Each structure stands twice: as structure tokens, then as C-alpha cells.
Amino acid sequence: MVLDKGLGLETAESLMNISGDYVDYLKFGWGTSIVHEQDIIKDKVAMYKSHNITPYTGGTLFELAYMNDKLEEFFQEAHDLGFEAIEVSDGSTTISHDKKLECIESAKKDGFEVLSEVGKKDPGLDKELSLDERIEYMQNELEAGSSLIIVEAREGGKNIGIYDKAGNAKEDEIDYILDNFDGNKILWEAPNKDQQVFFILKLGNDVNLGNVSTDDITSLETLRRGLRGDTVGKI
Ligand SMILES: C=C(OP(=O)(O)O)C(=O)O
Ligand SMILES: O=S([O-])[O-]
């Protein structure tokens, strides 16, 4: 999953022409998709889809819609723009877990694929979530219809969830999650190279990684194929 922070149409198109084959999901980060002209967003969504990529709306946008009691309008607008998938999260706002599950179910009923995210964007709040709670939420969200569960790490990948202050992966916590939840259903946010290397070496070169920067698509592909020092001869 690649994070689009507001690329222009031509830039995004030329990037997909050269490296779209390595991308499955493209997230229009947080609220970026309502800042730009909607016709351009529509064209970008169509362009990504033409490369067999699933574009989806950032979780924060869903949260804003929920907070303002505008979920129906949000679903409609997302359909109008051509999005077939959305992210449901509660990283920036407070949504009770039951309500979040209901939102996943309503989005599914409305015809969307749902990716849902577990974790808080504020490190202090994130630390309040125990590992067992996270796993329970992940399981419930999967059962409510999410196709993938995203483990929050933000764009920065530090001091949140499975990463320590320096951005190093906490392997014991990751192992605990994997002992208790189907790893194929997890999309690990791994914005930094060392995190990508860690997951490739640990879980294989087809591991689901997210929040990959648009600058790093080809670099990540080389890591996956053993074409960069960090993974040469190791996969
Ligand atoms: C980039 C992120 O935010 P959002 O889902 O709102 O785009 C994220 O959660 O990692
Ligand atoms: O806003 S972010 O970096 O999830």
C-alpha cells in the first residue's frame, strides 16, 4: 500500500506507468482528497484503477465524516469519485469499538471493500491499548467484514504500536500478534526502509506493507527481489 500525499495526475500516472505493477492499494492520505479539485481526484482514482490498483480514502477522512454525522454523504461522495474501497479507523478521534464495527458493516453493505486500522495516532493514547485488546479488535473487525487489518504506524513509523521511539520493530510484540492472528490479513504500516527490510526478512518477500512513500516504490521492490544490499542473498 502506497501513501499518496497529493501527487498531481501526470506525476502519479508516470509513476504508475513505471512502477504500478508493484502496488496493490493506494491510499489518498488522511483528508488530502478533499483539498484538491474533485475532477482531478476522480481522474486519479480512475487512473490508479486502470493499473489494477485499489485506491482508497484515508482513515482520517472517514473519522471526520463520522464525527460530523455525515457518513451517508461520505459514502455517496466516495462512490461518486470512483472509490471502491475505504479505510475505517479511529486513530485521530474516539469511536467506540461497537460503533466502529457497525461502520465497517455499513460500508460493506454500501458496496465498499473495507480496510480497517487498529491503533491511535497519539503515542500517549496508543500506549493505553494493550496487545490483547489490539488483537481482539483486529479479530472483531475482520469478522465485521474488513478485508485487511492495518497496524497503525503513521507516516513517520516511530513511537507507535509495534515500533519503538527510534522506529525499530518490537519483534516480541509482532510475534505475539502473529501467534494470535492470521498474518495474511495484516497490512503492516512500514514507512521506513529498515522496517521494510525487517518484515521482508522475517515474513517473506510478499509480506503486506503499507504507508510506502511514492518515492520508495521501486526501492521496496528491489528489497523484495534481493536487489539491494539489505536483502541480497537473504531471500
Ligand atoms: C497515513 C495515515 O492516516 P490516514 O489513514 O488518515 O491516511 C495512517 O493511518 O497511517
Ligand atoms: O497523519 S499520519 O501520519 O497518519
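A brief look at the structure comes next. Please read these numbers as outputs of a predicted model, since none were measured by experiment.

### Some thoughts on helix α10 (residues 217-225)
Move 1: Taken together, the buried positions of α10 are I217, S219, L220, E221, L223 and R224.
Move 2: Residues of α10 that are buried in the fold lie against β1 (2-4), α1 (9-19), α9 (193-203), β8 (209-210) and β9 (212-213).
Move 3: G226, located one to two residues past α10, shows a positive phi value of around 70°.

### Description of a negative patch on the surface
Move 1: Among the surface-exposed residues, D69, E72, E73, E77, D80 and D110 lie close enough to one another that they form a single negatively charged patch.
Move 2: By the element assignment, E73 lies in helix α4 (residues 71-81).
Move 3: Classification of E73 as partly exposed rests on a relative accessible area of 44%.

### With respect to helix α2 (residues 38-50)
Move 1: Relative to the 18 Å expected for 13 residues at 1.5 Å per residue, α2 spans 18 Å between its end C-alpha atoms, a close match to the ideal helical length.
Move 2: Residues I41, K44, V45, M47 and Y48 constitute the buried set of α2. All buried residues of α2 project into a common sector of 165° when viewed along the axis, lining one side. Seen from the buried face of α2, the exposed residues on the opposite side, beyond 90 degrees, are D39 and S50.
Move 3: Against the buried residues of α2 lie β1, α1, β2 (25-28), β3 (54-57) and α4.
Move 4: Looking one or two places after α2, you find N52, whose phi comes out positive at around 60°.

### Things to note about the site of ligand 1
Move 1: In the vicinity of ligand 1, 14 residues are found, and the nearest of them are W30, T60, K121, E189 and N211.
Move 2: The contact in question runs from an oxygen atom of ligand 1 to an N or O atom on the backbone of G59, over 2.9 Å.
Move 3: Take E87: an N or O atom from its side chain is 3.1 Å from an oxygen atom of ligand 1.
Move 4: Coverage of ligand 1 by the protein chains reaches 99% of its 290 Å² of free accessible surface.
Move 5: Here the residues of the shell around ligand 1 sort into two nonpolar, five polar and seven charged.

### Quick look at the packing of α2 against α4
Move 1: Running from N to C, α2 and α4 point in directions that differ by 65°, and their axes come no closer than 8 Å. Residue-level inspection shows Q38, I41, K42 and V45 of α2 in contact with α4, the latter providing E77, D80 and L81.
Move 2: Here the contact of α2 with α4 is built from residues that sort into three nonpolar, one polar and three charged.

### As for the nonpolar core
Move 1: Y48, I177, W188 and F199 are the most contacted members of the largest nonpolar core, which has 57 residues in total.
Move 2: When residues in this core are grouped by element, the largest group, five residues, is from α4.
Move 3: Among all residues touching I177, those that are not within four sequence positions of it are L131, I135, M138, I162, I186 and W188.
Move 4: Counting residues in each nonpolar core, the second largest holds eight residues, with Y25, Y56, I150 and L187 among its members.

### Things to note about the packing of aromatic side chains
Move 1: Within the structure shown, the criterion is met by eight aromatic pairs.
Move 2: For the pair Y25 and Y56, a centre-to-centre distance of 6.1 Å together with 80° between the ring planes defines the contact as edge-to-face. Here Y56 lies in strand β3 and Y25 lies in strand β2, a separation of 31 residues in the sequence. For the pair Y25 and Y56, one class covers both residues: buried.
Move 3: Through successive ring pairs, a cluster of aromatic residues spans F28, Y48 and F83.

The rules behind each value
Residues numbered from 1 in each chain as written. Chains lettered and ligands numbered in written order. Predicted model: local features only at pLDDT ≥ 70, side-chain atom pairs only at ≥ 80, totals over all residues. Heavy atoms only, no water. Buried < 20%, exposed > 50% of the residue type's maximum accessible area, 1.4 Å probe, protein only. Helix = DSSP H or I, 4+ residues; strand = E, 2+ residues; numbered from the N terminus. Contact = heavy atoms within 4.5 Å. Patch = residues over 30% accessible without salt bridge, like charges linked within 9 Å, V, L, I, M, F, W, Y side chains within 5 Å. Areas by Shrake-Rupley, 256 points an atom, 1.4 Å probe, with all protein chains shown as cover. Salt bridge = Lys/Arg side-chain N within 4 Å of Asp/Glu carboxyl O. Lys, Arg positive; Asp, Glu negative; His and termini not counted. Charge placed at Lys NZ, Arg CZ, Asp CG, Glu CD. Expected span 1.5 Å × (residues − 1). Arc of directions from axis to C-beta. Near = heavy atom within 4 Å. Polar contact = N/O pair within 3.5 Å; in protein donor to acceptor, adjacent residues only side chain to side chain. Nonpolar A, V, L, I, M, F, W, Y, C, P; charged D, E, K, R; others polar. Axes fitted to C-alpha atoms, helices over the stretch in contact; angles between N-to-C directions. Core = buried A, V, L, I, M, F, W, Y, C linked by side-chain atoms within 4.5 Å. Phe/Tyr/Trp six-rings, centres within 6.5 Å; stacked < 30°, edge-to-face > 60°.

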